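# Reading the structure
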Amino acid sequence: MIARLGDTEQTLDLPPGYTLVALRELGDAFAHGCEIAAEAGAGTLVWVRRYDLVEFAVVLEPDEPLRSARRALFAGMNALADAIAAHCPPEREVTFDWPDAIRFDAGLLGGGRLGWPAECTEDDIPEWLVFGVILRAAAMAHVPEVQAASGVSLLSEGFEMVDTDAIIESFARHLMTAFDRWKERGFEAIARDYLERLPKRKAGERRGIDVNGDLLVTLPAASGPPARSSLVDALGRAAWYDPQARGPKFG
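None of the values given here were measured: they were computed from a predicted structure.

### Here's the deal with the packing of aromatic side chains
The final tally for this structure, using the stated rule, is eleven aromatic pairs. Three or more aromatic residues joined by ring pairs make a cluster, and in this case those are Phe74, Phe96, Trp98, Phe179, Trp182, Phe187 and Tyr194. Sitting over the face of the ring of tryptophan 116, arginine 70 holds its NZ or CZ atom 4.5 Å from the ring centroid.

### Here we look at the environment of proline 199
Structurally, proline 199 is set in the loop between helix H5 (187-195) and strand E8 (206-209). Between the C-alpha atom of proline 199 and that of tryptophan 98, which follows or precedes it by 101 residues, the distance is 9.3 Å. Sequence-distant contacts of proline 199, that is, excluding residues within four places in its chain, are made with Phe96, Glu205 and Arg207.

### Details of empty space enclosed by the protein
Inspection of the entire model under this criterion finds one cavity of 30 Å³ or more. Computed from the structure, the largest cavity encloses a volume of approximately 50 Å³. Along its surface, the largest cavity is lined by Asp28, Ala29, Phe30, Glu55, Phe56, Arg113, Gly132, Val133, Ile134, Tyr241 and Arg246. Elements with a contribution of two residues or more to the lining of the largest cavity: helix H1 (29-40), strand E3 (53-60) and strand E7 (129-136). With three residues, the top contributor of residues to the lining of the largest cavity is E7. For the lining of the largest cavity, the per-class residue count stands at six nonpolar, one polar and four charged.

### Focus: unusual backbone geometry
Residue proline 99 follows tryptophan 98 across a cis peptide bond; omega there is -10°. When you line up the elements, proline 99 lands in the loop between strand E4 (94-97) and strand E5 (101-104). The residue alanine 238 is not glycine, and still its phi comes out positive at about 45°. The topology assignment puts alanine 238 in the loop between helix H6 (231-237) and strand E11 (241-242). Residue classification places alanine 238 among the buried positions, given a relative accessible area of 15%.

### Quick notes on the sheet that holds E7
Read across the open sheet, the seven strands follow the order E1-E2-E3-E7-E6-E5-E4; overall the sheet is mixed. At either end of the open sheet lies a strand with only one pairing partner, and these are strand E1 (19-23) and E4. Taking each pair of neighbouring strands and ignoring which way they run, the sheet shows an average axis angle of 20°. In the sheet, E1 pairs with strand E2 (residues 44-48) via five bridges, with the strands oriented parallel. Note that in E2 the partner of leucine 20 across the bridge is leucine 45. Across the sheet, helix H3 (residues 72-87) touches E3, E4, E5, strand E6 (107-115) and E7, and the angle it forms with E7 is around 35°.

### Comments concerning H1
Here H1 contains twelve residues, and its C-alpha end-to-end distance of 14 Å is more than 12% below the 16 Å for a straight helix at 1.5 Å per residue. Within the sequence span of H1, burial applies to Ala29, Phe30, Gly33, Ile36, Ala37 and Ala40. The buried residues of H1 occupy an angular sector of 145° when the element is viewed end-on, so they sit on one face. Pointing more than 90 degrees away from the buried face of H1 are the exposed residues Glu35 and Glu39. Residues of H1 that are buried in the fold lie against E1, E2, E3, E6 and E7. The distance from a side-chain oxygen at the start of H1 to the backbone nitrogen of phenylalanine 30 is 3.2 Å, and the residue carrying that oxygen is aspartate 28. Backbone geometry just after H1 places glycine 41 at a positive phi near 85°.

Quick notes on the rules
Residues numbered from 1 in each chain as written. Predicted model: local features only at pLDDT ≥ 70, side-chain atom pairs only at ≥ 80, totals over all residues. Heavy atoms only, no water. Phe/Tyr/Trp six-rings, centres within 6.5 Å; stacked < 30°, edge-to-face > 60°. Lys NZ or Arg CZ within 6 Å of the ring centre and 35° of its normal. Helix = DSSP H or I, 4+ residues; strand = E, 2+ residues; numbered from the N terminus. Contact = heavy atoms within 4.5 Å. 1 Å grid on protein atoms, 1.4 Å probe; cavity = no way out; pocket = protein on both sides within 12 Å on 5 of 7 lines; lining within 4 Å. Points joined across faces, edges and corners; volume = space filled by probe spheres on them. Nonpolar A, V, L, I, M, F, W, Y, C, P; charged D, E, K, R; others polar. Buried < 20%, exposed > 50% of the residue type's maximum accessible area, 1.4 Å probe, protein only. Pairing = 2+ DSSP bridges. Axes fitted to C-alpha atoms, helices over the stretch in contact; angles between N-to-C directions. Expected span 1.5 Å × (residues − 1). Arc of directions from axis to C-beta. Polar contact = N/O pair within 3.5 Å; in protein donor to acceptor, adjacent residues only side chain to side chain.

Following this line, the structure appears as structure tokens:
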């Protein structure tokens, strides 16, 4: 049974097509989204009410095999970056670490996660995907200052508390726009927006995203095939995420 908010309790202004599922503070949006995805269907947005984290997950229903459907991660990351940029103080930079970490003015803010049915093979069309997000909203008192030195929070970077909910609402709209662009212009439009937010390591390097989501990097005057970074391997490592703290790593 899926618990949903009644109209009088819904506090997020989501576009048509979304259904809000709210969890209490100790809930896990990503895990709950994966648990209910098959029953809840596309557009279900699971939200955890927390003051220290912005935590939510959205259910997607892809129409292509898992090996290429994972590229939905990049549409989600673009939507998240656009939502943060829409509400941040002026002249601040939102960037990515490959493939799923998000930085604000170079400080680690959080990132995205992607889930799919465990039994789904690379050639199967997954019944669902879940894109989850965790951002640090406020400094966490239990973390020593030295540990958190290289991380940032929305409040420490000049966002207002009201902006945290607005970021989720904005994300929902930007995600719809991203998938519309994908449908109309192809995945190349999504890849271009994503790659523009990755820092360049060397002048003149060329980057692309393969059909299976791998990052391809060609260096100037290089011979042979481009260097490849596996999306599946990177998602498995989740370098930005601390499973014990269930949130962004500090440092």
